Amino acid sequence: MKFRKLTPEVIKDKVVIIRVDFNVPLKDGKVMDTTRIEESIPTLKFILENNPKELHILTHAGRPKGQVVPEVSTAHLIPDTEKYLGEKIEFRPDYSKGTSKIQLHENCRFYPGEKKNDPALGQEIFDNIQPDIFIIDGFAVCHRAQASVIGLEGKVPCYPGFLIEKEIEALSPFLTDKKLPGLTILIGGLKMETKVPVLRHFAKVAENILVGGGLANTFQVAKGVSIGESLYEEEELAAAKEVMDIAKANNTNFLLPEDTICAGDIESTDTEEVAIGEVTGNKKIFDIGSQTINHYAEVLKNSSTVIWNGPMGVLEKEQFANGTKEMLMTIKDLKSAKTILGGGDTLKSLKKWNISKSEFSHVSTGGGAMLEFLAGNELPGFKILEE
Ligand code: ADP
Ligand code: MG
């Protein structure tokens, strides 16, 4: 893949549309966390410093499901975006053109045609704004074939913003068929469907795969290990077996928890540490145990590169958060290893324990997009950026 590059010449005197990911948490019309706005400011500033004719900003926010939901109007984003950009921004309630140089348009996901990439919506954006170029900076939406992401394909040249450039630079080295010695993948969370493709890839090229979270349960069952009444995904058992077979065939160490923290239900603080094999009856697994923590930490410390996605347990509950915290602290303290992490809930753990992103080599802005990219899938939002 060779991508186009954003340069001053590309922008000068042009009508520019940029698709960012300003999907920030909103409450009573206030932005509760401005991280996603801040992350695209370098690209927005670069555009403005190079004299575009107009700059039109497109984003989604929340889950309005094709309807107008005033609570998640992008009008709420104007004050913070103006503050970080140091410029006035005109709010546009639709895709029509205003009169100012910088215009932020209403939530893309207010349109029923957005998610299904209705060609009429792409055409509407094009006809109204009459752009010369399209820039995409929202890595987190690049795996979505939606109107505001790919609707201008073939109509105008499309360029990656700096956020995308950074992601490509950090994640591309893993798109290889060759064995990468010293590479350890720590993976947890839920939803096998979203993680199996990336596991298939790393079962070939990584040295170690360490599994935790609800994900591990499905692998345990696939191996015939009892997990009591813990949650697992029946329809993913074949995929779990396949991943373990690939790992075996490629000499990849594939590790599952040796012990667990169990309780009768997720609200219970009456927890016990139970060795794997002894998780029987109505016991439910909600975190990894201390032996697993020590073993995984040992592997991580001997790795030259670590990729982490997905919590080790139910980090939302104090009594089941320890495994995730220990893994986070271990990765943070790795001295010379390259460390990469991503995932919505994985990033929440940084906030929860007050760890700065600067402690890691790369913190991806995409959850699903990162997993799909690392699995070797062509992201729709990337396809349009190729030279
Ligand atoms: P990410 O967003 O980082 O990719 P996921 O969305 O895959 O992570 O998974 C995060 C969720 O997994 C969390 O809400 C956490 O509570 C849940 N989880 C982790 N381990 C378990 C478990 N053993 N049982 C139930 N839920 C779990
Ligand atoms: Mg998640």
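This write-up is about the structure you can find in this document. A quick note: this is a predicted structure, and the numbers were derived from the prediction, not measured.

Rules of the game
- Residues numbered from 1 in each chain as written.
- Chains lettered and ligands numbered in written order.
- Predicted model: local features only at pLDDT ≥ 70, side-chain atom pairs only at ≥ 80, totals over all residues.
- Heavy atoms only, no water.
- Helix = DSSP H or I, 4+ residues; strand = E, 2+ residues; numbered from the N terminus.
- Contact = heavy atoms within 4.5 Å.
- Pairing = 2+ DSSP bridges.
- Axes fitted to C-alpha atoms, helices over the stretch in contact; angles between N-to-C directions.
- Parallel < 35°, antiparallel > 145°, perpendicular 65-115°, else oblique.
- Left-handed = near helix turned anticlockwise from the far one by under 90°.
- Near = heavy atom within 4 Å.
- Polar contact = N/O pair within 3.5 Å; in protein donor to acceptor, adjacent residues only side chain to side chain.
- Nonpolar A, V, L, I, M, F, W, Y, C, P; charged D, E, K, R; others polar.

## Some details on the environment of L199
Counting through the fold element by element, L199 comes out in helix α8 (residues 192-205). C-alpha separation for the pair L199 and L255, spaced 56 residues apart in sequence, amounts to 12 Å. Apart from the residues lying within four places of it in its own chain, the contact partners of L199 are I187, I209, L215, F219 and V243.

## Digging into the sheet that holds strand β6 (residues 102-105)
Overall, parallel pairing links the 6 strands, which are arranged β5-β6-β4-β1-β7-β8 in an open sheet. Strands at the two margins of the open sheet, each flanked by one partner only, are β5 (90-92) and β8 (158-160). Strand-to-strand twist of the sheet, defined as the mean angle between neighbouring strand axes without regard to direction, takes the value 25°. Sheet topology places strand β7 (residues 133-136) next to β8; 3 bridges connect them, and they run parallel. Its bridge partner lying in β8, I136 is registered against P160.

## Quick notes on the packing of α8 against helix α10 (residues 237-249)
Across the interface, α8 lies against α10 with an axial gap of 8 Å and an inter-helix angle of 15°. As the angle between them shows, α8 and α10 are arranged roughly parallel. Viewed along their axes, α8 and α10 form a crossing whose handedness is left-handed. Residues M192, V196, L199, R200, A203 and K204 of α8 form the contact with α10, whose own contacting residues are A239, A240, E242, V243, I246 and A247.

## Here we look at the sheet that holds strand β16 (residues 338-341)
Taking strand neighbours across the sheet as the criterion, the 6 strands line up as β11-β10-β9-β15-β16-β17 in an open arrangement whose pairing is parallel. The sheet terminates laterally at β11 (253-255) and β17 (362-363), the two strands that pair on one side only.

## Overview of the site of ligand 1
The local shell around ligand 1 holds 18 residues, among which L190, K195, E316, D345 and T346 are the closest. One of the backbone nitrogen or oxygen atoms of L190 is found 3.0 Å away from an oxygen atom of ligand 1. Note that a nitrogen atom of ligand 1 is positioned 3.2 Å from one of the backbone N or O atoms of I285. Looking at the shell around ligand 1, the elements with two or more residues in it are α9 (213-222), β14 (284-288) and α13 (344-352). At 3 residues, α13 tops the list of elements feeding residues into the shell around ligand 1. Class assignment for the residues of the shell around ligand 1 results in 5 nonpolar, 9 polar and 4 charged.

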